[in-house]
Amino acid sequence: MNRIEKRMEELQNKNEKAFVTYMTAGLPDMEGTKALIKAQAEAGIDIIELGIPFSDPTADGPVIQDASYRSICKGTNLKGVFAAVEEVRKDCDVPLVFMMYYNTILYYGVDAFARKCAEVGVDGLIIPDLPKEEQFELVEALDNTENAPILIQLVAPVSADRIPMILENARGYVYCVSSMGVTGQAAHFHKNVRKYLENVKAVSKIPVMMGFGIRTAEDVAGLKDTIDGCIVGTHFIELMEENNYNLDVAKEYIRKFKKELNA
Amino acid sequence: MQNKKYGEYGGQYVAESLMSVLAELETAYNEAINDPKFIEEYNYYLKEYVGRETPLYFAEKLSKKYGTKIYLKREDLNHTGAHKINNVIGQILLAKRMGKKKVIAETGAGQHGVATATGAALFDMECTVFMGEEDMERQALNVFRMEMLGTKVECVKSGSRTLKDATNEAIRTWAKNAEDTFYIIGSAVGPHPYPQMVKEFQKVISVETKKQILEKEGRLPDCVLACVGGGSNSIGMFAEFIDEKDVELIGVEAAGFGIETGKHASAFASGKAGVLHGMRSYLLQNEDGNIQIASSISAGLDYPGVGPEHAYLHDSGRATYVSITDDEAMQALRELCREEGIIPAIESAHALAYAFKKAKTMTEDQIMVVNLSGRGDKDVHTIAEYFKDK
């Protein structure tokens, strides 16, 4: 069973919410990335989204743009991240999702990419510039690959009528973008966020996760009845940068967030 | 065009939050171009405000020198100095029709920015133009013009600080504000329906050219040439001739310091397609699949991709794409100044440079049309710098 689905099922059985973080691969360096994945797993993170840096991250705000840029300057590329995941998988079973732009996959080769993900143990993919209508090529490659990662679907506050179409055959979890625009706009959710999340929840057969602009468990306290968990990206990167990628800070943040989320 | 694509190129590679925005745009656009009133209004502004039609000028001295008939389509005589205004009038009328109050745009050389700022002033829209920091230095005059027209020029300092990054920033801002903001894309790039829309609003170039050449020569030209950055003036020049199989279509990309140096802006030279700015097309990429920085003396051609229909025309063999170096373009620029008394934009000088090469292979009674997409006023600083060291 896919690690994401397994984890989500376990949480559901315990009646707990999922907590997911995003980190840019290759920061502070590749060794540090591996250490941070393991530290988070130890602290009980449910899923880690690993950002594969791309030169033109149009769905990201300044913080993740800057992180991607610095990571590329350090020589991070897809091959290097695959090697790091392979290494992490030797003694760590935390569900891992690649968050990346489609060009990186196209350049690597869609079929080869699907096979490599399965081989090293990548569990999911989030591709912000690949809407449902453009997914057929990748979906075909994933369908033809054993143990292929799940393609996580994103929905936005303006998706409206598109939601049932997007969620047909969706697996893992639904990524609900909480606001319009790019990552990292501090807790400025779309004005109709509750209604929108309720709409998604009504249609979705899989857990509904909310992301974009979340910093603390308190930010989502009022929405807990409609969501199955949340994702912190930009804030987690800022926290790590401010604290020099101190693993204890990461662990403490995750433990506290998880506790409050499930309080 | 099928399924929002030209063969395998084009499409809508954008964030989910923009998909409904694009659907709304597509519906509004299709209604507009099928509405005679809209077309009438568009044509009215092209004639009365832009100053169309532009002349198809027979360049007598050059024709004599190169031994073939050379015609120049004078898009440089448009209001604001380039073809960019044709498309802006179309898109801004569409924005108005959709009830949008704000427009944003990206710009490289600043011509599209100036055209958008102009349209925004005319139609009372709040306008923000994104421009790379490096381009702001190269095209300081156009920055000043935009500000004069009441537009806010947003300086983009990320990445290569040129058109590519200005486009990234415009897309981000659009995704955030799409509910009340219209994004006016200046080139034949971006997600569907933009490439189609830009072609529609630029095809006036070839519609006029066709009519004018038939009046003057009684037959179609043997070839038409235009420079290609993203590809808006070239797709406008090709549009009416694509189905005229005897007319050779030639697009001229920027070879910068030379293709072999790696410092160029020729998306076709790379030979590899990918996804950028919402579309699938040929792109300059490095060995990790990151987008490579384009290089050209001309800010308007300094773009690592090319419009999806050009990619399709390239693969099908219907159009030919060649490239011209900075040096070749600057020689052609000087030649046009001296021979015909016209200072062209450096972008357009690329098309001219190849035209002169091509002309040598043609006969006296053959005809070529070169699209003179813009005037060189904005480039005088760059031109002066270039010739200072020569």
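The rules we used
Residues numbered from 1 in each chain as written. Chains lettered and ligands numbered in written order. Predicted model: local features only at pLDDT ≥ 70, side-chain atom pairs only at ≥ 80, totals over all residues. Heavy atoms only, no water. UniProt positions renumbered as here; feature names shortened; annotations may be inferred. Contact = heavy atoms within 4.5 Å. Buried area = accessible area lost by both parts, 1.4 Å probe. Salt bridge = Lys/Arg side-chain N within 4 Å of Asp/Glu carboxyl O. Polar contact = N/O pair within 3.5 Å; in protein donor to acceptor, adjacent residues only side chain to side chain. Phe/Tyr/Trp six-rings, centres within 6.5 Å; stacked < 30°, edge-to-face > 60°. Helix = DSSP H or I, 4+ residues; strand = E, 2+ residues; numbered from the N terminus. Buried < 20%, exposed > 50% of the residue type's maximum accessible area, 1.4 Å probe, protein only. Lys NZ or Arg CZ within 6 Å of the ring centre and 35° of its normal. Patch = residues over 30% accessible without salt bridge, like charges linked within 9 Å, V, L, I, M, F, W, Y side chains within 5 Å. Areas by Shrake-Rupley, 256 points an atom, 1.4 Å probe, with all protein chains shown as cover. Pairing = 2+ DSSP bridges. Expected span 1.5 Å × (residues − 1).

In the annotation of an unreviewed UniProt entry, the entry for chain B reads Tryptophan synthase beta chain, and the organism field reads Anaerobutyricum hallii DSM 3353. Reading the Cofactor (unreviewed entry) entry of the UniProt record for chain B gives the comment "pyridoxal 5'-phosphate".

For chain A, the name recorded in an unreviewed UniProt entry is Tryptophan synthase alpha chain, with Anaerobutyricum hallii DSM 3353 as its organism. Recorded under Catalytic activity (unreviewed entry), the UniProt text for chain A is reproduced unchanged: "(1S,2R)-1-C-(indol-3-yl)glycerol 3-phosphate + L-serine = D-glyceraldehyde 3-phosphate + L-tryptophan + H2O". The Subunit (unreviewed entry) field of the UniProt record for chain A holds the comment "Tetramer of two alpha and two beta chains."

(A) Looking closely at the interface of chain A and chain B. The partner chain B presents 33 residues to the 36 residues of chain A that form the contact. Note on chain A versus chain B: buried area summed over both sides is about 2,900 Å², and carbon and sulfur give 51% of it. When the buried surface of chain A facing chain B is broken down by residue, Asp56, Tyr107 and Glu134 of chain A rank first, second and third, together holding 21% of it. Where chain A touches chain B, the interface holds four salt bridges. Residue Lys164 of chain B is joined to Asp56 of chain A by a salt bridge in which the shortest nitrogen-to-oxygen separation is 2.8 Å. In this assembly, chain A and chain B are joined by 19 residue pairs in polar contact (both at pLDDT 80 or more).

(B) Expanded view of the packing of aromatic side chains. For the structure on display, the rule yields 25 aromatic pairs over all chains. A centroid spacing of 5.9 Å and a plane angle of 50 degrees characterise the contact between Phe82 of chain A and Phe113 of chain A, whose relative ring orientation is tilted. Taken together, the residues Phe82 of chain A in helix α4 (residues 78–88) and Phe113 of chain A in helix α6 (residues 110–120) connect sequence positions 31 residues apart. The same class applies to Phe82 of chain A as to Phe113 of chain A, namely buried. Measuring from ring centre to ring centre gives 6.0 Å for Trp174 of chain B and Tyr194 of chain B, while their planes differ by 80 degrees; the resulting arrangement is edge-to-face. Of the two residues, Trp174 of chain B sits in helix α8 (residues 163–177) while Tyr194 of chain B sits in helix α9 (residues 194–202), which places them 20 residues apart along the sequence. Judged by relative accessible area, which is 1%, Tyr194 of chain B ranks as buried. Among the aromatic residues, those joined into a ring-pair cluster are Phe19, Phe236, Tyr253 and Phe257 of chain A. The ring of Tyr107 of chain A is capped by Lys272 of chain B, whose NZ or CZ atom sits 4.8 Å from the centre of that ring.

(C) Summary view of a nonpolar patch on the surface. On the surface, a nonpolar cluster with roughly 320 Å² of combined accessible area is contributed by Phe144, Met148 and Leu149 of chain B. On the secondary structure map, Leu149 of chain B appears in the loop between α7 (140–148) and β7 (152–156).

(D) Representation of the sheet that holds strand β6 (residues 153–155) of chain A. Residues and elements named next belong to chain A. Taken in spatial order, the nine strands make up an open sheet running β5-β4-β3-β2-β1-β9-β8-β7-β6, and their pairing is parallel. With partners counted over all chains shown, the strands left at the sheet margins are β5 (150–151) and β6, one partner each. As judged from the four bridges shared by strand β1 (residues 18–24) and strand β9 (residues 229–232), these two strands associate in the parallel manner. Across the sheet, Phe19 pairs through a bridge with Cys230, a residue of β9.

(E) Seen up close, the UniProt feature "modified residue: N6-(pyridoxal phosphate)lysine" (unreviewed entry) in chain B. Residue and element names in this part refer to chain B. UniProt marks Lys84 with the feature "modified residue: N6-(pyridoxal phosphate)lysine" (unreviewed entry), using the numbering shown here. Among the structural elements, Lys84 can be located in helix α4 (residues 84–97). Those residues in contact with Lys84 that sit more than four places away from it in its chain are Gln111, His112, Ala115, Gly186, Ser187, Gln202 and Ser232. Within the structure, the side chain of Lys84 is placed 3.1 Å from the backbone oxygen of Gly186, a separation counted as a polar contact.

(F) Structural context of helix α10 (residues 204–217) of chain B. Residue and element names in this part refer to chain B. With 14 residues, α10 extends 20 Å from end C-alpha to end C-alpha; this agrees with the ideal 20 Å at 1.5 Å per step. Residues of α10 that are buried include every one of Val204, Ile205, Ser206, Glu208, Thr209, Lys210, Gln212 and Ile213, and no others. Positive backbone phi, at 70 degrees, marks Gly218, one or two positions downstream of α10.

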